[in-house]
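# What the coordinates show
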Amino acid sequence: MHGPASPGWLLVALCAATGAYCLLRMRSSVVEQRRAAGGEALMGFGMAVMAVPATVFTPPVWAWPAYAAVFGAAALRALWSARSSSHHLHHLVGAAAMVYMAVAMAAAPGAHHHGGAGVPLVTGLLLLYFTGYVLLSGARLVPVAAAAGTGALRWGDRPELARACRLSMGIGMVAMLLAL
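Along each chain, the written sequence defines residue order, and numbers are assigned to residues from 1. Since the coordinates come from a predicted model, pLDDT governs what is reported: local features require at least 70, and pairs of side-chain atoms require 80 or more to be given and counted, while whole-chain, interface and lining totals use all residues. For side-chain calculations, the full set of non-hydrogen atoms in the structure is used, while hydrogens and water are omitted.

As annotated in an unreviewed UniProt entry, the protein chain carries the name DUF5134 domain-containing protein and comes from Streptomyces sp. 900105755.

## Points about the overall build of the protein chain
Short version of the rule: Counting from the N terminus, the helices are the DSSP runs of H or I reaching at least four residues and the strands are the DSSP runs of E reaching at least two. Exposure is judged per residue with a 1.4 Å probe applied to protein chains only, and the accessible area is read against the type maximum: over 50% gives exposed, under 20% gives buried, and values in between give partly exposed. Pairs of residues are marked as contacts when any of their non-hydrogen atoms sit within 4.5 Å. Areas reported here follow the Shrake-Rupley algorithm with a probe of radius 1.4 Å; residue values treat only the protein chains shown as occluding.
The secondary structure content of the protein chain amounts to six helices and zero strands. Ordered by position from N to C terminus, the α and β elements of the protein chain give α-α-α-α-α-α. Relative to its 180 residues, the protein chain shows a buried fraction of 44%. For the protein chain, restricting intrachain contacts to residue pairs at least 6 apart in sequence, the fraction spanning at least 24 positions comes to 75%. Summing over all exposed atoms, the protein chain offers an accessible surface of approximately 9,200 Å²; the carbon and sulfur share of this is 73%.

## A short note on the side chain of His-88
Considering the arrangement of structural elements, one finds His-88 in helix α4 (residues 87–107). Judged by relative accessible area, His-88 falls into the buried class, the value being 3%. Among residues more than four places away in sequence, those in contact with His-88 are Glu-32, Ala-78, Ser-81 and Ala-82.

## Notes on the pattern of salt bridges
The following threshold applies: Here, a salt bridge means any Lys or Arg side-chain nitrogen found within 4 Å of an Asp or Glu carboxyl oxygen.
Enumeration over the complete set of coordinates arrives at two salt bridges. Here Glu-40 makes a salt bridge to Arg-25, at a shortest N to O gap of 2.6 Å. Linking Glu-40 in helix α2 (residues 31–50) with Arg-25 in helix α1 (residues 5–25), this pair joins segments that are 15 residues apart in sequence. The two residues Glu-40 and Arg-25 agree in class, both being buried. Taking the shortest distance from any N to any O, the salt bridge between Glu-40 and Arg-166 comes out at 2.7 Å. Of the two residues, Glu-40 is situated in helix α2 and Arg-166 in helix α6 (residues 159–179); the sequence distance between them amounts to 126 residues. The residues Glu-40 and Arg-166 share a single accessibility class, namely buried.

## Brief notes about the nonpolar core
Condition: Take the buried Ala, Val, Leu, Ile, Met, Phe, Trp, Tyr and Cys residues and link them wherever side-chain atoms come within 4.5 Å; each set so joined is a nonpolar core.
Ranked by internal contacts, the top residues of the largest apolar core, which has 38 residues, are Met-43, Met-50, Met-98, Met-101 and Met-173. Every element with two or more residues in this core is listed here: α1, α2, α3 (63–81), α4, α5 (120–146) and α6. Top contributing element to this core by residue count: α4, with eight residues. If near-sequence neighbours (up to four positions away) are discounted, Met-173 is found in contact with Met-43, Met-47, Gly-94, Ala-97, Met-98, Met-101 and Phe-130.

## As for the packing of α1 against α2
In plain terms, the rule: Each axis is a line fitted through C-alpha atoms, and for a helix only the stretch in contact is used; angles between axes span 0 to 180 degrees, taken between their N-to-C directions. Convention used here: angles under 35 degrees read as roughly parallel, angles over 145 as roughly antiparallel, angles from 65 to 115 as roughly perpendicular, and any remaining angle as oblique. Rotating anticlockwise by less than a right angle from the far helix to the near helix defines a left-handed crossing, while the corresponding clockwise rotation defines a right-handed one.
The contact between α1 and α2 brings their axes to 7 Å, and the two run at 160°. One way to sum up the angle between α1 and α2 is to call them roughly antiparallel. In the crossing of α1 with α2, the sense of the turn from one axis to the other is left-handed. On α2, the residues that touch Val-12, Cys-15, Ala-16, Gly-19, Ala-20, Cys-22, Leu-23 and Arg-25 of α1 are Gln-33, Arg-34, Ala-36, Ala-37, Glu-40, Ala-41, Gly-44, Phe-45, Met-47 and Ala-48.

Structural data, given as structure tokens:
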């Protein structure tokens, strides 16, 4: 991330908190929710590490290819899982966006926190997708939150918190793509 350190640290905190909640969701009794939460936890923690301000930590040269490999594997897993649930298509786009950002950072090592590292068309398409996702997720969150008081659910099983988690990661992805 480039720019002032304060927004970078806020993004780190948001993504790390989201990843931590997703780890909590992995304790759910619903198998599909556990699988989705695992991918979302990886995404949240990966985004948190990627968002650490460059003034604090400059990753070693091998870090970006490692990121691309980890999220490439996550993209393949999401592609495989998309056969049974279309929700995993969003995970596929998210993992592909992380691969794209890692490759862009690796391709421009001297400028990786100073803008201009990505392909404007790809960045624009990803921004369009994640902005739409954020708006749609926000709209879907309102009715669920109003009806959430119908029963005693465990923290890991609350649908409104899972949607808020996804919304937070979508907002984080928009911020990271804008900083690319």
